[in-house]
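Architecture and fold: a report
In case you want the letters, here they are:
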Amino acid sequence: TQHFLDVDDLSREELDDVLDDAEALKSQETGDDDNHALLPDKTLAMLFEKPSTRTRVSFETGMTQLGGHAIFLGPDDTQLGRGEPLSDTARTLSRYVDGIMVRVFNHADAVELAEYASVPIVNGLTDDAHPCQALADLLTIREHFDSFDVQAAWVGDGNNVAQSFVIGCAMVGIDLTVAHPEGYGIDDSVIDRANQFDGPNVTVTNDPTKAVADADVVYTDVWVSMGQEKERDEKLQAFEGFQVNEELLDEQAVLHCLPAHRGEEITGAVIESDHALVWDQAENRLHAQKALLTKLLS
Ligand code: CP
C-alpha cells in the first residue's frame, strides 16, 4: 500500500508522472468517460479534524469526476471523537473504502493511520506537512513558467505548507530561498531531507528583501494557523516586515495557498494583482489530487 504523507513519499519519476497526468486531466472534458472515469466505484473516506474549503471540495469533486465518490467524515461523525483508537478506525475504514484522506492536527496521527490502514492514506494537511498543496504549487509553477528552471522565495512562517513546498522544490530542482523571522523557520530535519536531492540547496535568511530580489515567484501563507490563536499577538509582532506587499515585490509571480488574511501576510492589492496565481493554484489542487488518487487507488 502506497501512502502519501509528504511529497517525498513519491519518487522524482512518480512526481513527474503525477504532474503530467494532472496536466492531461486538466485539459480533458470531465464528462469524457473514456479518459476521465479512472476510478469507477472507488470510494474515498475523508477524515477531517478541522475545517477546510479547498481540500474538502477539491477531493470530493475530484472523486466524482473520476467516476467514484467521497464520504465526508467531520470531527463529530466518527467514533474517534468518543475515543475509538486511530488504529481501529484505520483498520475498519480499510474494509469499506479504497483510500482515506486525512486532515488531522498531529502528523503522528496520520503516520499511525498509515501504519494500520491497508488502503492508501493521503495527507490533506497535518501540523507538519501539506503535500497535496505542494503538488498544486509545483503544477502551477510549471504551468506558468513552462519549466522548473525558476528561482522561488518563501516569505513568512516555516509552517506545514512551507515544509512540503521546500521538499517539492528540492525534488524538482527549483532554487528556493526561505525568509522567516528568527524562531519561525523550517525544521532542520526537513531542510536535511530537501538537501539530499540533487540540485540547489535551500537557502535560509531572515531578510525578505534579499529573498525576493532574484526570485521569479514569491510564496507566502498565513502567519497564524488553525490551533495557534493563542499565539496570535506574539506572531503578528514577530512577522512585522514580512508582509508580501507592493513595496517588497517587483514583477514576481505570487503564490498563496489560501485562505489569505489581507493586511497580514499579504495585501489585498497583491492578491488582486495580475501577478497573483492564487486562483490557478487553488484550481490545480483539483487536478493534482485527481492524478494522485488515480495513481494510488487504481
Ligand atoms: N489551502 C488549503 O488547504 O485550503 P483549505 O484549508 O480551505 O482546505
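Figured I'd write up the structure that's included with this text. These numbers come from a predicted model, not from an experiment.

To continue, consider the packing of aromatic side chains. On inspection of all chains with the given rule, the structure shows seven aromatic pairs. Consider the rings of Phe165 and Tyr219, whose centres lie 4.8 Å apart with planes at 75 degrees: the pair is edge-to-face. Remark: Tyr219 occurs in strand E8 (residues 217-220) and Phe165 occurs in helix H7 (residues 160-172); sequence separation between them is 54 residues. Take Phe165 and Tyr219: they sit in the same class, and that class is buried. Here Tyr184 and Phe239 contribute two aromatic rings whose centre-to-centre distance is 5.0 Å and whose plane-to-plane angle is 55 degrees, an arrangement assigned as tilted.

On to the sheet that holds strand E2 (residues 69-73), then. The four strands lie next to each other as E2-E1-E3-E4, forming an open sheet whose pairing is parallel. Two strands bound the open sheet, and with one partner strand each, they are E2 and strand E4 (121-123). Strand-to-strand twist in this sheet, taken as the mean axis angle between neighbours without regard to direction, amounts to 25 degrees. Relative to E2, strand E1 (residues 43-48) runs parallel, the two being bridged by five bridges. Pairing of Thr43 across the sheet is with His69, part of E2. Each of E1, E2, strand E3 (99-103) and E4 touches helix H3 (residues 54-65); the most contacted strand, E1, lies at about 170 degrees to it.

We now examine the site of the ligand. All residues adjacent to the ligand are Ser52, Thr53, Arg54, Thr55, Arg103, His130, Gln133, Cys257, Leu258 and Arg285. Within the side chain of Gln133, a nitrogen or oxygen atom sits 3.1 Å from a nitrogen atom of the ligand. Backbone polar atom of Cys257 to a nitrogen atom of the ligand: 2.9 Å apart, as the coordinates give it. Within the complex, the protein chains bury 94% of what would otherwise be the 260 Å² of accessible surface of the ligand. Among the detected pockets, the ligand sits in the largest pocket. Here the shell around the ligand is composed, by residue class, of two nonpolar, five polar and three charged.

Here is a general trend for soluble globular proteins: nonpolar side chains tend to be buried in one another's company. Grouped together as the largest cluster of nonpolar side chains are 57 residues, with contacts concentrated most on Leu15, Leu44, Ile174, Leu176 and Leu292. Among the elements that line this core, the one with the most residues is H7, at nine residues. For Leu176, the contacting residues outside a window of four places in its chain are Ala152, Ala153, Trp154, Phe165, Val166, Cys169, Asn201, Val202 and Thr203. Tyr184, Leu248, Ala260 and Val270 belong to the second largest nonpolar core, which has 23 residues in total.

Taken N-terminus to C-terminus, the directions of H3 and helix H12 (residues 278-297) make an angle of 55 degrees; their axes are 9 Å apart at the nearest point. Classified by the interaxial angle, the pair formed by H3 and H12 is oblique. Handedness of the crossing formed by H3 with H12: right-handed. Of the residues in H12, those in contact with Arg54, Thr55, Ser58, Phe59, Thr61, Gly62, Met63 and Gln65 of H3 are Ala282, Arg285, Leu286, Gln289, Lys290, Leu293 and Leu297. Tallied by class, residues from the contact of H3 with H12 come to six nonpolar, six polar and three charged.

Our focus in this paragraph is helix H5 (residues 107-116). Taken as a whole, H5 has its buried residues at His107, Asp109, Ala110, Leu113 and Ala114. Viewed end-on, H5 has its buried residues packed into an arc of 160 degrees, placing them on one side of the element. The outward face of H5, more than 90 degrees from its buried face, is lined by the exposed residues Ala108 and Glu115. Where H5 is buried, its residues touch E1, helix H4 (86-94), E3 and E4.

With the rule as written, the count across this model stands at 13 salt bridges. Two residues, Arg193 and Asp8, come together in a salt bridge whose shortest N-O distance is 2.9 Å. On the criterion of sequence distance, the pair formed by Arg193 in helix H8 (residues 188-194) and Asp8 in the segment before helix H1 (12-27) is long-range, its members being 185 residues apart. Using a relative accessible area of 27% as the deciding quantity, one classes Arg193 as partly exposed.

Reading guide: rules and limits
- Along each chain, residues carry numbers from 1 onward, in the same order as the chain's sequence is written.
- In keeping with the predicted nature of the model, local features appear solely for residues at pLDDT of at least 70, side-chain atom pairs appear and are counted solely at 80 or more, and the whole-chain, interface and lining totals rest on all residues.
- To get the side-chain values, all heavy atoms of the structure are used, and hydrogens and water are removed first.
- Aromatic pairing here means that ring centres of Phe, Tyr or Trp (its six-membered ring) are within 6.5 Å. Orientation follows from the plane angle: under 30 degrees is stacked, over 60 is edge-to-face, and everything else is tilted.
- Think of it this way: any DSSP run of H or I at least four residues long counts as a helix, any run of E at least two long counts as a strand, and we number them from the N terminus.
- Buried residues are those whose accessible area, probed at 1.4 Å on protein chains only, stays under 20% of the maximum for their type, while exposed residues exceed 50% and partly exposed ones sit between those limits.
- Two strands make a pair as long as DSSP finds a minimum of two bridges between them.
- Only the stretch in contact is used when a helix axis is fitted, and all axes are lines through C-alpha atoms; the angle between N-to-C directions ranges over 0 to 180 degrees.
- Whether two residues are in contact is decided by their heavy atoms: any pair within 4.5 Å suffices.
- Proximity is defined per residue: any heavy atom of the residue falling within 4 Å of a molecule or strand makes that residue near it.
- Counting of polar contacts relies on pairs of N or O atoms within 3.5 Å, with two restrictions inside protein: one atom must be capable of donating a hydrogen and the other of accepting it, and residues adjacent in sequence are counted only when both atoms are side-chain atoms.
- Surface accessibility in these figures is a Shrake-Rupley result with a 1.4 Å probe; residues are shielded only by whichever protein chains are displayed.
- Of the grid points, spaced at 1 Å and generated over the protein atoms alone, those admitting a 1.4 Å probe that cannot get out make up cavities, while open sets with protein on both sides within 12 Å along at least five of seven lines make up pockets; any residue with an atom within 4 Å of a point is treated as lining.
- Whether a molecule sits in a cavity or pocket is decided by its atoms, more than half of which must lie within 2 Å of the grid points.
- Residues were grouped as follows: Ala, Val, Leu, Ile, Met, Phe, Trp, Tyr, Cys and Pro as nonpolar; Asp, Glu, Lys and Arg as charged; and all remaining residues, including Gly, as polar.
- Definition of nonpolar core: a set of buried residues of the types Ala, Val, Leu, Ile, Met, Phe, Trp, Tyr and Cys, connected through side-chain atoms within 4.5 Å.
- The labels follow the angle: roughly parallel below 35 degrees, roughly antiparallel above 145, roughly perpendicular from 65 to 115, and oblique for the rest.
- It is the rotation of the near helix from the far one that decides the hand of a crossing: anticlockwise by less than a right angle makes it left-handed, clockwise makes it right-handed.
- Starting at the helix axis, one direction is taken to each C-beta atom, and the arc is that of these directions.
- Whenever a carboxyl oxygen of Asp or Glu lies within 4 Å of a side-chain nitrogen of Lys or Arg, that contact is scored as a salt bridge.

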